[in-house]
Amino acid sequence: MSLTILSDEEIRSLLENLTHEEAVEFTDALKGALHEYSTGTQSIADGNIHQPERISVHSTATGATTLFMPSFSALGHAVKVVTLSSPSSDTKLPAIRPTGSVTLYSPQGPPIGFLHAQNLTAFRTALASSCLLVKRATVRTLVVFGSGLQAYWHIRLALMLRGDTIRQVYIINRQFSDNARNTFKKIYGVSQAVKQREGWDQAQFSLLTPSYNEFNRLLDEHMRAADVIYCCTPSTKDLFDASILTSHEGRRKGRLIVAVGSYTKEMRELPKELLLQATKSHAPSHLHYHKHATEGGVIVVDTLDGALKEAGEIIDAGLQPKQLVELGELAMIHRLAKEEEESLASQSSAEDSSVNESLEKLDLTSSGSAMSTVYGSESGNSAAGSGKRSSSRSPSRRTSSNLSLPFHRRSSSRGVSEDDQRHKQQQHSKHEDHLARWLTTGNVIYKSVGLGLMDLVVGFEIVRLAKEKGLGSHIQGFS
């Protein structure tokens, strides 16, 4: 077995030149892993998808914090080690740009990959965000806060996956920094042939900084025009005033809002009022007198445990587990829905099909899942005030899933009238329609603090593709 070694430049070059089909393959691989992690379709007994908590050490002499992030899956296991400046370090000390590596191991233990972590980390974070981006009905205007590597890869992947519809990208930054200059240089450095292939050769890019006299007015205009908003800064205060998006005018349009830059209790990018508006519950008899975009009643997170411990916005807003749903619960919905429809149409071995077995484990209206909130169920928010997590969805949390999905489950018709069956089907259809509207055209907020599983899955995909393309160094017989 060989050990593949890839530098940051080799990884950057590989990822920069992904075709649309290759980018979709990366996305599908990550979706599958996140789905297994969140829904508990794999068990600890099977030796799959176990995510230990990360640990850290801090040096007062250098102001550096080093993070150790182990992860495990059916593919194998991995450890990422990253060193960066601590948010609380002495400002007189030299800044430490995040740097480190990811080591990949086969399921039996031998190391098979040693990868630089810088571009890999930024790419895998943006790839997770893209699992929601590809579901959006309209992706024409992007607003991006920040201009570092996270911002760049969110822009680049959006162009790679949805470039045929993107026409405007607004980058909001404190100043025209070296990071901003490098980001624009990389975007404009993409060849015309690639731009045309991906469909964004006519897209416009601009930078807005607070030094501009009309900054506040233009920020309002850009954000209300946005279909997607990416927040990619290690900010300790809100990046914008909540009223821009929570006012009646701001709520008329649905947006995907992604926050990935803040990762500690003290950091925050999104205003509390925005999160409270998105998770507000309404009584069934509540009437809307204004045309607003569909709300899901929950915030999407990459890891429930991580968000509750580390996401400053989530903590500051006082959100409870019932008001959060993991990305993995949503990532594979369309694929499972298609499988269920095909199984229904076949009418063969209906009660014994593998799809039906997996769906029978799911509970459409369970009050124990945040997904019941997504479907507008009153029970979805009934325990919002409770600080206790009602369901632990990943296998590493040692309990079964209470995931709810909008599928038409087959069951025996004995003792059930046609009217009852028709009513159940109508309810399923309403739930499915609401979820589809929310994910494609509604207000969706996604908060990410990072998950080691992402590094593992993307790392294995990078090694696979690097071997196919003859990139990197390969040490034969290392194990």
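Draft legend 1. Summary view of the overall build of the chain. Scanning the chain from terminus to terminus reveals 17 helices and 15 strands. Counting only residues that meet the buried cut, the chain has 53% of its 479 residues in that class. Residue pairs at least 24 apart in sequence account for 77% of intrachain contacts in the chain once pairs closer than 6 positions are excluded. By element, 50% of the accessible surface of the chain is carried by carbon and sulfur atoms, the whole surface being about 21,500 Å².

Draft legend 2. Structural context of helix α7 (residues 215-225). Among all positions in α7, only Phe-215, Leu-218, Leu-219, His-222 and Met-223 are buried. Down the axis of α7, the buried set is contained in an arc of 130 degrees. They therefore lie on one face. Close packing links the buried residues of α7 with β7 (141-145), β8 (168-172), β9 (204-208), β10 (228-231) and α8 (243-246).

Draft legend 3. Representation of the side chain of Gln-277. Among the secondary structure elements, Gln-277 is positioned in helix α9 (residues 272-278). By relative accessible area, Gln-277 is classed as buried at 13%. Apart from residues no more than four positions distant in its own chain, Gln-277 is found in contact with Thr-246, Arg-251 and Glu-295.

Draft legend 4. Examining the pairing of strand β3 (residues 64-73) more closely. Burial runs high along β3: seven of the ten residues are buried. The sheet contact formed by strand β2 (residues 55-59) and β3 spans five bridges and is antiparallel. Its bridge partner lying in β3, Ile-55 is registered against Phe-68. In textbook terms, the turn of a hairpin is the stretch between consecutive antiparallel strands, and for β2 and β3 this stretch comprises four residues, one of which, Gly-63, has a positive phi near 75 degrees. As defined by bridge partners, β3 adjoins strand β4 (residues 76-85) across ten bridges and the pair is classed as antiparallel. In the strand pairing of β4, Phe-72 is matched with His-77.

Draft legend 5. Region of interest: the side chain of Thr-303. Relative to the assigned elements, Thr-303 resides in the loop between β12 (299-301) and α10 (304-310). Side-chain polar atoms of Thr-303 contact the backbone nitrogen of Gly-306, separated by 3.3 Å.

Draft legend 6. Focus on the packing of helix α3 (residues 118-133) against helix α4 (residues 149-162). Following both chains from N to C, one finds α3 and α4 inclined at 45 degrees, their axes separated by 8 Å at the closest point. Relative to α4, the element α3 is oriented oblique. The interaxial crossing formed by α3 with α4 has right-handed handedness. Residues Gln-118, Asn-119, Thr-121, Ala-122, Phe-123, Thr-125, Ala-126, Leu-127, Ser-129, Ser-130 and Leu-133 of α3 pack against Leu-149, Gln-150, Trp-153, His-154, Leu-157, Ala-158, Leu-161 and Arg-162 of α4. Taken together, the residues of the contact of α3 with α4 break down into ten nonpolar, eight polar and one charged.

Draft legend 7. How the structure looks around the pairing of strand β1 (residues 3-6). Pairing between β1 and strand β15 (residues 473-475): three bridges, direction antiparallel. The partner of Thr-4 across the bridge, within β15, is His-474.

Draft legend 8. Structural context of the environment of Ile-299. Its location among the elements puts Ile-299 in strand β12. What makes Ile-299 buried here is its relative accessible area of 0%. For the pair Ile-299 and Leu-324, spaced 25 residues apart in sequence, the C-alpha separation works out to 4.8 Å.

Draft legend 9. Up close: the sheet that holds β7. With parallel pairing, the eight strands of this open sheet are ordered in space as β9-β8-β7-β10-β11-β14-β12-β13. The two strands at the open ends of the sheet, each matched to only one other strand, are β9 and β13 (324-326). The sheet shows a mean angle of 20 degrees between the axes of neighbouring strands, taken without regard to direction. α4 contacts β7, β8, β9, β10 and β11 (256-259) of the sheet and is inclined by roughly 165 degrees relative to β7.

Draft legend 10. Broad picture of the nonpolar core. Among the nonpolar cores identified, the biggest contains 80 residues, and Phe-26, Phe-123, Leu-132, Phe-205, Tyr-230, Val-300 and Ile-462 are the most heavily contacted of them. Other than its neighbours up to four places away in sequence, Phe-205 contacts Ile-155, Leu-159, Gln-168, Val-169, Phe-184, Ile-187, Tyr-188 and Trp-200. Grouped together as the second largest cluster of nonpolar side chains are 32 residues, Leu-219, Ala-226, Leu-274 and Ala-278 included.

Draft legend 11. Molecular detail of the confidence of the model for the chain. Residues at a pLDDT of 70 or more form 76% of the chain, whose mean pLDDT is 82. pLDDT under 50 marks residues 336-341. Its contacts with residues more than four places away, or in other chains, come to twelve contacts.

Draft legend 12. Region of interest: the pattern of salt bridges. Summed over all chains, the structure comprises 19 salt bridges. For Glu-16, the salt bridge is made with Arg-12, and the minimal N-O distance between the two is 3.5 Å. Linking Glu-16 with Arg-12, this pair stays in helix α1 (residues 8-16), spanning four residues, or about one helical turn. Residue class for Arg-12 comes out partly exposed when judged on its relative accessible area of 25%. Asp-178 is paired through a salt bridge with Arg-181; the nearest N and O atoms lie 2.8 Å apart.

Draft legend 13. Focus on the sheet that holds β15. Ordered in space as β2-β3-β4-β5-β6-β1-β15, the seven strands form an open sheet in which the pairing is mixed. Unpaired on one side and paired on the other, β2 and β15 mark the two borders of the sheet. The sheet shows a mean angle of 15 degrees between the axes of neighbouring strands, direction not considered. With respect to the sheet, α3 is in contact with β4, β5 (99-105) and β6 (111-116), its orientation differing from that of β6 by roughly 90 degrees.

Draft legend 14. Expanded view of the packing of helix α2 (residues 20-39) against helix α17 (residues 452-469). Between α2 and α17, whose axes approach to 10 Å, the crossing angle comes to 150 degrees. Considered as vectors, α2 and α17 are oriented roughly antiparallel to each other. In this structure, the crossing between α2 and α17 has a hand that is right-handed. Contacts between α2 and α17 involve Glu-22, Glu-25, Phe-26, Ala-29, Leu-30, Ala-33, Leu-34 and Tyr-37 from the former and Leu-453, Met-454, Val-457, Val-458, Glu-461, Ile-462, Arg-464, Leu-465 and Lys-469 from the latter. Partitioning the contact of α2 with α17 into residue classes produces twelve nonpolar, no polar and five charged.

Draft legend 15. Here's a closer look at the packing of aromatic side chains. Within the structure shown, the criterion is met by seven aromatic pairs. Relative to Tyr-188, the ring of Phe-184 has its centre 6.1 Å away and its plane inclined at 25 degrees; by these criteria the two rings are stacked. Within this pair, Phe-184 and its partner Tyr-188 are both found in helix α5 (residues 178-189), separated by four residues, close to a single helical turn.

About the cut-offs
Residues numbered from 1 in each chain as written. Predicted model: local features only at pLDDT ≥ 70, side-chain atom pairs only at ≥ 80, totals over all residues. Heavy atoms only, no water. Helix = DSSP H or I, 4+ residues; strand = E, 2+ residues; numbered from the N terminus. Buried < 20%, exposed > 50% of the residue type's maximum accessible area, 1.4 Å probe, protein only. Contact = heavy atoms within 4.5 Å. Areas by Shrake-Rupley, 256 points an atom, 1.4 Å probe, with all protein chains shown as cover. Arc of directions from axis to C-beta. Pairing = 2+ DSSP bridges. Polar contact = N/O pair within 3.5 Å; in protein donor to acceptor, adjacent residues only side chain to side chain. Axes fitted to C-alpha atoms, helices over the stretch in contact; angles between N-to-C directions. Parallel < 35°, antiparallel > 145°, perpendicular 65-115°, else oblique. Left-handed = near helix turned anticlockwise from the far one by under 90°. Nonpolar A, V, L, I, M, F, W, Y, C, P; charged D, E, K, R; others polar. Core = buried A, V, L, I, M, F, W, Y, C linked by side-chain atoms within 4.5 Å. pLDDT = per-residue confidence, 0-100. Salt bridge = Lys/Arg side-chain N within 4 Å of Asp/Glu carboxyl O. Phe/Tyr/Trp six-rings, centres within 6.5 Å; stacked < 30°, edge-to-face > 60°.

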